[in-house]
Amino acid sequence: MESSIFDRDGDDPSPSAVPADRFWAKLHPRENPREWHPLIAHSADVAAVLEQLVQPSSGIGRRLATILDRDTLTERQRAQLVFFAALHDIGKTSHGFQTKAGRADDGRRWRNLNRGHVQVLLNSLRHRPLREVLAMQVFPRFSSDSRAASDLFGAIIAHHGRPYVPRSDDKQHVLWQQGSTAREPLREVRRIIDHALAWSGLDAAAGEPLPSLPPAFTHLFAGALTLADWIGSTRTAFEFATWADDDPDGYWVFAQKRAAEVCARIGVVPRTCPVSLAGLPLLEALFPETFGGRCYEPTSLQRYVSDMVLPGPGARLLIESETGSGKTEAALALYTRLRAAGLVSGLMFALPTRATASAMYERVVAALAGMYEPGQRPTVALAVGGQQPRLETNEEWVREASERWSDQERADSALESWASSHSKKYLAAEIVVGTLDQVLLGGLPVKHAHLRLAALSRHLIVVDELHSFDRYMTAVLENLLELHSAAGGMALFMSATLSSEVRHRFAGGKELTFEEAVALPYPTIAVSGAPGTGWDDHALRSTGRSKEVRWNTVPEGEVARRASEAASAGARVCILCNTVRRARKTMAEVRDVGHRDLLWRPSGNRHAPPYHSRYSLPDRLALDDAVRERFGKGAAAARGGVILVATQVVEQSLDVDFDLLITDICPVDVLLQRIGRLHRHPQRDAHRPPGYRMPIALVVAPDGGFGPYLKRRSVELGWGEDRPYPNYADGELTLRTMADHPEIVIPRDNRMLVELVYHPDRRESLWEDAAWSEYLCKAETARRNREWMGEQARLKFDRTYTGSATDFDNAQERSIRTRLGDETVRVELPAAVHCWYSEPHEPICWVDLPAWALPHAEEGEWELPAPVWDPEPDGTARFRLGNVCYRYGPEGWEWTRV
């Protein structure tokens, strides 16, 4: 016999619940287990779920078929995929993995073996007995092309969130040797293969087999298998069943029935029935409080979407319309129609910020009753990553953590603070509302990207406020949507106004001159049948509520005085700052001029907070509600002047109305978005104070424009490198446009105003100035570099899944998430954080801090020092991590380096 895999020394053995001759896949608990789930049963669980995911009525099944230029997968193709899915965990037959259940039955202690099952199997493919089993019984059932079969097999085995490059290791043979224990690994491998053939019906299945697979197919299938493994590893969905080891075929019948129920409940293969209405009846069903009984007439956009001829699979749609025109209602009506027609089987609403996602989640939930037939209830989830994630779903199986066994690589453990939220798994719900980063992480080489990719493939992906995203994010989104469209997935973009350059990026077609771009219809709904074919625009009528707006600049030193003067006259004033630091500074200036009483405060609270994102989650949600209560439609007649000091959280997807807007300078498309919060509600018009019955926007800008600051890396107003708005040219051209057009009409002038700033023909004027020319060379290089980084970082879908293994790197993954704003670290605090605006059900004993706000660490170091707690007498939480002091008071989180 070959060298032993045991050591004789050691303590007395720990008892194991798993008999010495049986193979397990799941244990409970993991230490000194008392319960176990057989490996062959878990193989059946995952194969049964995958069978559901690839059936003709499944969204993922249709997407896989479309990539192969088919309407549906053939019976034989589905059987092949189910067969392969049943083999996904055969690496767990190795002696190394099985020793996790305890000691050998004679009390001998296992030597320190490799106890993984993904890398172990792939690294063992040169072990002749194992290779012969696979070569004779597995690979030929896929393709006569051994390389193609091996590539798909690598995708099946590497199902833990990332591909893996096999490294042949002759020492791995000890993990498969026969006769060392009562367990015979290769015999169990053969048993699983035999049952997988019977379960799948592969040898008798009709139809064409899988062809040589396009790379895109391998990526999407890898994600589907990972999703199946997550669902199949959910304990309450598939309870442990030791009896299955003696009756695998009987268990298969149970697993099939259970998988159908579980997939329907989760919403990944929904059985829900959407309403099949169109036109006004659909709008009345979805939004009875708005259109029921004809309270309000639908806008031109809403009417058109509810009655248009639906485009085919792979199409993209674009809605450009002014704020308040009902884009959200139009998107939900479109989804309902596409879902009823079977063109999509779910919805993903992707928004720029956590605040806008939370607000949209509530609007979507409110519309659910009219979107589905009576008694139907889809799973709906809010998936928000980044700082202080808020994760909600109405399906317990979606919320429950999956009990999966990983290879526990040391590098992966550093990612646990990010992966622990499981927001990626929430994408399996039928309707998902989240931030755009949750979509983008499906197109980047980060762990479980492919799970996201497969879950998203079923959905109509709605990208709201498309203009809000930078070049890096746009490059990644383009790439992901190329695969989404190629698989027959559908996408909808929404924005107040897009530049012709951005329109071209997402549909191709002819590049337009300035005159042609300005002449495009507005508002519009456009359809692109396939990427690269351009947009087919359909002009819409405006909402009929044009706004004549006066805008002009104001010195920074005048902000507090002008705001106080307006509020004293009874006006609602919003001071919108580009950074949290400026918001706090502005609050102090208003207090200094003696008008503390005019600052907004939540009802019944003595504190007057700036409205931004750096609050604990309970406080943030309470402040969101309080802002809507004071400035929403329901408060149109409320009297009394008030000043709200806010950051960008107020500019998008928040239905609020102000009489006067004072805003830091921002690019013109963002400025138009902010102006959308000015005189928004007709119900308020009769209550506006004299002098503020015409919309006025005062814009705080640098003295003399941006020209005098070209040599500086940043400007105080939130412009410059590593600031919200990096390109001074966008600000300068916005100021020049304002000077040339002191009075504008919204939305009539939207298209012109955006093109005056962004169209290449108009930006040429800056190049004529030597100082600006030098600056623009650097800015253009930085812009191209951000775009290049996105192109380099994104997943390469022209390579196979296994061929992309070298793109996955832990250090690069941290960098990728940082660029998306998703890199946070949860710090457990030694005492509870006091909430200032809400009463949480549980104490807040942790905080998620952005990576850039953490103490500086050595390269590769992730360990943080323990927090030193030092509360202040007034209830303010204060603690220190290394050289950074953190404080949570009525104005939110703040930190300083000491």
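Each residue is numbered by its place in its chain's sequence as written, counting from 1. Predicted model: local features are reported for residues with pLDDT of at least 70 only, side-chain atom pairs are reported and counted for 80 or more only, and whole-chain, interface and lining totals are derived from all residues. Heavy atoms from the whole structure form the basis of all side-chain values; hydrogens and water molecules are not counted.

A. Broad picture of the sheet that holds strand E27 (residues 892-897). Pairing in this open sheet of four strands is antiparallel, and the strands run E24-E25-E26-E27 from one edge to the other. The sheet is open, and its two edges are formed by strand E24 (868-869) and E27, each paired on a single side. Relative to E27, strand E26 (residues 884-889) runs antiparallel, the two being bridged by six bridges. Counterpart to Tyr886 in the pairing with E27 is Trp895. Whether two strands pair depends on DSSP finding at least two bridges between them. Helix numbering and strand numbering both begin at the N terminus, where a helix is a DSSP run of H or I of at least 4 residues and a strand a DSSP run of E of at least 2.

B. Examining the sheet that holds strand E21 (residues 743-746) more closely. A sheet is described by the order of its strands in space; here six strands give the open sequence E16-E15-E17-E18-E14-E21, paired in mixed fashion. The strands lining the two open edges of the sheet, one partner per strand, are strand E16 (642-646) and E21. Sheet twist, expressed as the mean angle between neighbouring strand axes with direction ignored, is 25°. As paired strands, strand E15 (residues 572-576) and E16 are joined by five bridges and run parallel to one another. Pairing of Arg572 across the sheet is with Val642, part of E16. Whether two residues are in contact is decided by their heavy atoms, any of which lying within 4.5 Å being enough. Only the stretch in contact is used when fitting a helix axis, every axis being a line fitted to C-alpha atoms; angles between N-to-C directions are given from 0 to 180 degrees. Strand contacts of helix H25 (residues 580-592): E15, E16, strand E17 (660-664) and strand E18 (696-700), with the helix running at about 155° to E16, the strand carrying the most contacts. Packing of helix H26 (residues 617-631) onto the sheet brings it into contact with E15 and E16, and relative to E16 it is tilted by some 145°.

C. A look at the packing of helix H11 (residues 279-286) against helix H14 (residues 327-340). At a closest axis distance of 10 Å, the pairing of H11 and H14 adopts a crossing angle of 110°. Classified by the angle between their axes, H11 and H14 sit roughly perpendicular to one another. The two elements H11 and H14 meet at a crossing, and its hand is right-handed. Touching Leu282, Leu283 and Leu286 of H11 are Leu332, Ala333, Thr336 and Arg337, all from H14. For this scheme, ten residues count as nonpolar: Ala, Val, Leu, Ile, Met, Phe, Trp, Tyr, Cys and Pro. Four count as charged, namely Asp, Glu, Lys and Arg, and the remainder, Gly too, count as polar. A class-by-class count of the residues in the contact of H11 with H14 yields five nonpolar, one polar and one charged. Comment on the angle field: the value is read as roughly parallel under 35 degrees, roughly antiparallel over 145, roughly perpendicular from 65 to 115, and oblique elsewhere. Handedness of a crossing follows from how the near helix is turned relative to the far one, being left-handed for an anticlockwise turn of less than a right angle and right-handed for a clockwise one.

D. Geometry of the environment of Asp798. On the secondary structure map, Asp798 appears in the loop between helix H31 (770-793) and helix H32 (810-819). Given the relative accessible area of 65%, Asp798 is considered exposed. Burial classification: accessible surface area is computed with a 1.4 Å probe over protein chains only, and a residue below 20% of its type maximum counts as buried, one above 50% as exposed, and the rest as partly exposed.

E. View of helix H1 (residues 39-53). Take the number of residues in a helix, subtract one, and multiply by 1.5 Å to get its expected span. For H1, which comprises 15 residues, the first-to-last C-alpha distance of 21 Å matches the rise-based estimate of 21 Å (1.5 Å per residue) to within 8%. Counting buried residues along H1, 14 of its 15 residues qualify, which places the element largely inside the surrounding structure.

F. Highlighting the pattern of salt bridges. When a carboxyl oxygen of Asp or Glu lies within 4 Å of a side-chain nitrogen of Lys or Arg, that pair is called a salt bridge. Scanning the model with the defined rule gives 51 salt bridges in all. Its salt-bridge partner being Asp625, residue Arg628 comes within 2.8 Å of it at the nearest N-O pair. Of this pair, Arg628 and Asp625 both sit in helix H26, three residues apart, roughly one helical turn. Relative accessible area serves as the criterion here: at 23%, Arg628 is assigned to the partly exposed category.

G. Summary view of the pairing of strand E10 (residues 459-464). Judged by how many residues are buried, E10 sits mostly within the fold: six of six residues are covered. Both faces of E10 are covered, namely the face carrying His459, Ile461 and Val463 and the face carrying Leu460, Val462 and Asp464. The pairing of strand E6 (residues 346-351) with E10 spans five bridges and is classified as parallel. Bridge assignment links Leu347 to a residue of E10, and that residue is Leu460.

H. Molecular detail of the packing of aromatic side chains. Any pair of Phe, Tyr and Trp rings, taking the six-membered ring for Trp, is counted once the centres come within 6.5 Å. Such a pair is stacked with planes under 30 degrees apart, edge-to-face with planes over 60 apart, and tilted for the rest. Applying the stated criterion across every chain, the model contains 23 aromatic pairs. When the centroid spacing of 5.4 Å and the interplanar angle of 75° are considered together, the rings of Phe139 and Phe153 count as edge-to-face. Placement of the pair is Phe139 in the loop between helix H6 (128-137) and helix H7 (146-157) and Phe153 in helix H7, with a sequence separation of 14 residues. Judged by centre distance (5.1 Å) and plane angle (5°), the ring pair of Tyr728 and Tyr775 falls under stacked. Of this pair, Tyr728 sits in helix H28 (residues 728-740) while Tyr775 sits in helix H31; the two residues are 47 residues apart in sequence, bridging distant segments of the chain. Here a set of aromatic residues connected by ring pairs shows up, and it is made of Phe706, Trp719, Tyr725, Tyr728, Trp772 and Tyr775. Here, over-ring charges are defined by two tests on the NZ atom of lysine or the CZ atom of arginine: distance to the ring centre within 6 Å, and angle to the ring normal within 35 degrees. In this structure, Arg235 packs its charged tip against the face of Phe240, placed 3.7 Å from the ring centre. The ring of Phe514 has Arg762 sitting right over it, with the charged end atom 4.0 Å from the ring centre.

Remember, this is a structural readout, not a statement about activity or role.
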